[in-house]
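# Close look at the chain arrangement
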Amino acid sequence: MFCVAVAVLALSQKASKAPTPNLPICGLHLTAPSTQAVPLLCEFIKTSLVTEGVNTLVLEFDYRFKFTRHPEIADGDPYSASQVKQIALACKEAHIHLIPQINLLGHQSWAKSTESLLRVHPEFDETRGKYPDNKGIYCRSYCPNAPGLHKVIFDCIDEIADACSADAFHCGMDEVFILADPDCKYCKGKTASSVFASEVNALHDHLKATKRSMWMWGDRLLDGRTNGLGEWEASTNGTWDAINKIPKDIVISDWHYDHAEPTPAYFALNGFPVVASPWRNSNLAVQQLDMMEALRKGANPKIASNAQGMLHTTWCDAEAFIKAYMGSKKQSKDVEETAQCFKDLFKAIRQSKANH
Ligand SMILES: [Zn+2]
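Residues numbered from 1 in each chain as written. Predicted model: local features only at pLDDT ≥ 70, side-chain atom pairs only at ≥ 80, totals over all residues.

## Details of the environment of Asp290
How we decide: Secondary structure elements are defined from DSSP: runs of H or I of at least 4 residues count as helices, runs of E of at least 2 residues count as strands, and each element is numbered from the N terminus.
If you trace the backbone, Asp290 turns up in helix H8 (residues 282–298). Spatially, the C-alpha atoms of Asp290 and Arg350 are 13 Å apart, while their sequence positions differ by 60 residues.

Here it is as structure tokens:
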């Protein structure tokens, strides 16, 4: 009986063995710098990112690419395929997983400037003819139900992802405020939740068909009224219950910049692989790291394995970030704080690895 008990105990210990706290994903998110800065970026990847221990680079191109199938959509200072391939090669040499990004659905404009997709294809605009000069809104959205839209979007994704030799793609989808507009003839009568979930599924299906996994920001999947997170880092426009209508293999980038919110646990509990995304507050970034490691160490194996790691965000020109990282004192306070936070976070990650 004792032997049986010992054997059962041994088996149960083996079955419940949690993954090591070491994080599978130690990532950095950058907006693609000017094309002139490609050599600087490649050098930064092969030297500094390797030294820091970065193993994943999410690079946000949006529409800055010389698309061959839709050349008219190439936005300001577009990358050639060969420039993107240089970056992909640098990442390959550095053993860094390169994940390209186009911010889809929302963020189709910034201040008065509308991005190329809706400039070229105003028929894809969710609020076509409304909000001249983008006055009174945060950002424009495309209409996910507009005829012909997905053909264009999928071509753009494929071209950038192919140039990166990518097996994953980050679709953005944060801070979407304009959705299921009552004046949109394609979305009228639909709920924001159903429209959002439908678009996530459409993007996921396309990426799956092209053997790529999907990443997205997590804010639209959090209930900002119940949890007090508000309308930016969470949703108050009804999209949050889309979390129950989308595939569970999407990697959620869970960004929070004011508090170490326990939301990684929420996503992990709901079956999603999740990375925590800090920005420019070192103490907060380390708290988020501690939380992620606690999940990996203390939760059951299923939840623990969903706690995938960290994706540091920068939200500044990538060239300025690199220069601040290198010690330039000519950058803004925000940029310097961001670079310092990145250094502090990765120092803590290395220390944690050394302790295990
Ligand atoms: Zn619509």
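## Examining the sheet that holds strand S2 (residues 56–60)
Here is the rule we go by: Pairs of strands are assigned from DSSP output, requiring at least two bridges between the strands. For helices, the fitted line uses only the C-alpha atoms of the stretch in contact; every axis is such a line through C-alpha atoms, and the angle between N-to-C directions lies from 0 to 180 degrees.
With respect to topology, 8 strands assemble into a closed barrel ordered S1-S2-S3-S6-S7-S8-S9-S10, the strand pairing being parallel. Strand-to-strand twist in this sheet, taken as the mean axis angle between neighbours without regard to direction, amounts to 25 degrees. The pairing of S2 with strand S3 (residues 97–104) spans 5 bridges and is parallel. Across the sheet, Leu57 pairs through a bridge with Leu98, a residue of S3.

## Let's talk about the environment of Cys26
Which entries qualify depends on this criterion: Residues are treated as contacting if the C-beta atoms built from their backbones sit within 7 Å of each other.
Here Cys26 is to be found in strand S1 (residues 25–31). If near-sequence neighbours (up to four positions away) are discounted, Cys26 is found in contact with Gly53, Val54, Asn55, Thr56, Gly309, Met310 and Ile349.

## Overview of helix H3 (residues 81–93)
The cut-off we apply is this: Expected span, for any helix, means 1.5 Å times one less than how many residues it has. Partly exposed residues are those whose C-beta has more than 12 but fewer than 20 other C-beta atoms within 10 Å; 20 or more makes a residue buried and 12 or fewer makes it exposed, with C-beta atoms placed from the backbone. The arc in question is traced by the directions running from the helix axis to the C-beta atoms.
Its 13 residues place the ends of H3 18 Å apart at the C-alpha level, agreeing with the 18 Å of an ideal helix rising 1.5 Å per residue. Among the residues making up H3, those that are buried are Val84, Ile87, Ala88, Ala90 and Cys91. Down the axis of H3, the buried set is contained in an arc of 155 degrees. They therefore lie on one face. Counted as exposed and oriented over 90 degrees from the buried face of H3: Ser82 and Glu93. Where H3 is buried, its residues contact helix H2 (38–52), S2, S3 and helix H5 (149–164). Residue His95 follows H3 closely and has a positive phi angle near 60 degrees.

## Let's talk about H8
Spanning 17 residues, H8 covers 24 Å between terminal C-alpha atoms, matching the ideal 24 Å at 1.5 Å per step. Within the sequence span of H8, burial applies to Ala285, Val286, Gln288, Leu289, Met292, Glu293, Leu295 and Arg296. Looking at the buried side of H8, the elements it contacts are helix H7 (263–269), strand S9 (274–277), helix H9 (301–306), strand S10 (307–312) and helix H11 (333–354).

## Thoughts on unusual backbone geometry
Comment: phi is negative for the bulk of residues other than glycine, and the bulk of peptide bonds are trans. A positive phi is found at Asn134, a non-glycine position, where the angle reads about 60 degrees. Residue Asn134 is classed as partly exposed on the basis of its C-beta count, with 18 C-beta atoms lying within 10 Å. Backbone geometry at Ser165 places phi at a positive 50 degrees, although glycine is not the residue there. Note on placement: Ser165 falls in the loop between H5 and strand S6 (168–172). Note on Ser165: 13 C-beta atoms within 10 Å, which makes it partly exposed.

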